[in-house]
Amino acid sequence: MKVVLLSGGVGGAKLAAGLHDVLDPGALTVIGNVGDDLEVLGLHVSPDLDSVLYALAGLNDGERGWGRAGETWNALASARAWGGEGWFMLGDLDIGLHLVRSQALRAGEPLSAVTARLVEAAGLATRLVPASDDRLRTFLVTPAGTLPFQEWFVARGHRDEVDALVFEGAREARPAPGVLDALAAADAIVIAPSNPYVSIHPILAVPGIREALATRAVRCVAVSPLVGGRAVRGPLDRMLTRMAGGTTPAHVTNCYEDLLDALVIDRADAPGAGEVPVVVADTLMTDREAARRVALTTLEAAS
Ligand code: GDP
Ligand code: CA
């Protein structure tokens, strides 16, 4: 069974790891968000692609929730001490990856090609493809003004309420090589329990990707990122309340317009499901075994 997963960072990475474990080797393609990408200290950082890569390879820090396990922070401390920017957390191990990617991009290699090399270096059969090789950047329209994604999320701790999103460059962006082929060949399409607004919508904003989902011949299932109407972490519940008017399964489903055949929701959200086609499960992925269980339920819902 060939499966395509649309994924953001940490929430998506957990399901990516679960699907990777339960599917045949090579059966999973993850299409990753690049709207959060940034240049910091001269390095190109792709936070969402890296969260997926680290989770698949078992290198992620489960406790902190992002970045690599066993991380140290000497390079960043040194950069700060020399007057360099230090607001974006980059660990020493993490920087090694950013050096390799930045060098390749500077030499003219597309993001999808260097990402494929990184996945291969990690010894993974799963494919990880950025939604686009072209520049696409997420901006948040807030009462404090229109902010670049990482300024809103990291520098300001996502404290500003969000009224709308802008995906700069999306209209001109093309799907990266392999994206549309993977969608056309898929036996099922899964949308990860990622933040719909900042992780999945920028993927769908790349011309051709939403159309591929809308005209698919297979099932498309999303896993809700809410547990008990609350985000497991991050600002999604506040964003949904403000922009969609609530945090029930219907509010999550409506984020995907008419693209979904079903929404996998947590048991805690079942009482508010109403008319929405849902599959009820325990969706909190506290460890990799839990992620495999959610993956199996999701595949069943997608078959
Ligand atoms: P980011 O790019 O790192 O912010 O990560 P994503 O957009 O992929 O995921 C963020 C979302 O993941 C948040 O809205 C969380 O509620 C959700 N999330 C995190 N862990 C879990 C989990 O174990 N289960 C479910 N259902 N959602 C989760
Ligand atoms: Ca992200």
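From a predicted model like this one, the values you see are computed outputs, not experimental measurements.

Caption draft 1: Region of the structure containing the overall build of the protein chain. The secondary structure content of the protein chain amounts to 12 helices and 14 strands. Taken over C-alpha atoms, the radius of gyration comes to 18 Å for the protein chain, in line with the 19 Å a tight globule of 303 residues would show. Along the first, second and third principal axes, the C-alpha set of the protein chain runs to 60 × 45 × 40 Å. Across the 303 residues that make up the protein chain, the buried fraction comes to 52%. Pairs at least 24 apart in sequence give 69% of the contacts found in the protein chain among residues at least 6 apart. Carbon and sulfur atoms make up 53% of the accessible area of the protein chain, which totals about 12800 Å². A gap of 2 Å separates the mean positions of the 26 positive and 37 negative side-chain charges of the protein chain.

Caption draft 2: A look at the sheet that holds strand β8 (residues 164–168). Spatially, three strands are ordered β7-β6-β8 in an open sheet, and the strand pairing comes out antiparallel. Edge positions in the sheet fall to β7 (145–148) and β8, since each of these pairs with one other strand and no more. Taken pair by pair, the neighbouring strands of this sheet meet at an average axis angle of 30°, ignoring direction. The pairing of strand β6 (residues 137–142) with β7 spans four bridges and is classified as antiparallel. For V141, the partnering residue across the bridge sits in β7 and is T146. Its contacts with the sheet put helix α8 (residues 196–204) on β6 and β8, and the angle it makes with β8 is roughly 40°.

Caption draft 3: Just the site of ligand 1, in detail. Around ligand 1, a shell composed of 20 residues is seen, among which S194, S199, P225, V232 and M285 lie nearest. Within the backbone of T283, a nitrogen or oxygen atom sits 2.7 Å from a nitrogen atom of ligand 1. Burial of ligand 1 by the protein chains amounts to 92% of its free accessible area of 600 Å². The site holding ligand 1 turns out to be the largest pocket. If you tally residues by element for the shell around ligand 1, the top one is helix α1 (residues 10–22), at four residues.

Caption draft 4: View of the layout of surface pockets. By volume, the largest pocket amounts to about 1000 Å³. Lining the largest pocket are 41 residues, and of these G9, V10, G65, W66 and F153 lie nearest its centre. In terms of residue count, helix α2 (residues 47–56) provides more of the lining of the largest pocket than any other element does, five residues in total. When its residues are assigned to classes, the lining of the largest pocket shows 20 nonpolar, 15 polar and six charged. Estimates place the volume of the second largest pocket at around 400 Å³. Taken together, 21 residues form the lining of the second largest pocket, with V10, K14, N60, G62 and M285 sitting closest to its centre. Of all the secondary structure elements, the ones that give two or more residues to the lining of the second largest pocket are α1, α2 and α12 (288–302). Among the elements that take part in the lining of the second largest pocket, α1 stands out by supplying four residues, more than any other.

Caption draft 5: Here's a closer look at empty space enclosed by the protein. In the structure shown here, the tally under the stated rule is one cavity of 30 Å³ or more. If you add up the space inside the largest cavity, you get close to 30 Å³. Lining the largest cavity are L49, D50, L53, R101, T115, L118, V119 and L128. Elements with a minimum of two residues in the lining of the largest cavity: α2 and α5 (111–121). Here the lining of the largest cavity is built from residues that sort into five nonpolar, one polar and two charged.

Rules used in this analysis
- Residues numbered from 1 in each chain as written.
- Chains lettered and ligands numbered in written order.
- Predicted model: local features only at pLDDT ≥ 70, side-chain atom pairs only at ≥ 80, totals over all residues.
- Heavy atoms only, no water.
- Helix = DSSP H or I, 4+ residues; strand = E, 2+ residues; numbered from the N terminus.
- Rg over C-alpha atoms; globule rule 2.2 N^0.38 Å.
- Buried < 20%, exposed > 50% of the residue type's maximum accessible area, 1.4 Å probe, protein only.
- Contact = heavy atoms within 4.5 Å.
- Areas by Shrake-Rupley, 256 points an atom, 1.4 Å probe, with all protein chains shown as cover.
- Lys, Arg positive; Asp, Glu negative; His and termini not counted.
- Charge placed at Lys NZ, Arg CZ, Asp CG, Glu CD.
- Pairing = 2+ DSSP bridges.
- Axes fitted to C-alpha atoms, helices over the stretch in contact; angles between N-to-C directions.
- Near = heavy atom within 4 Å.
- Polar contact = N/O pair within 3.5 Å; in protein donor to acceptor, adjacent residues only side chain to side chain.
- 1 Å grid on protein atoms, 1.4 Å probe; cavity = no way out; pocket = protein on both sides within 12 Å on 5 of 7 lines; lining within 4 Å.
- Sits in = over half its atoms within 2 Å of the grid points.
- Points joined across faces, edges and corners; volume = space filled by probe spheres on them.
- Nonpolar A, V, L, I, M, F, W, Y, C, P; charged D, E, K, R; others polar.

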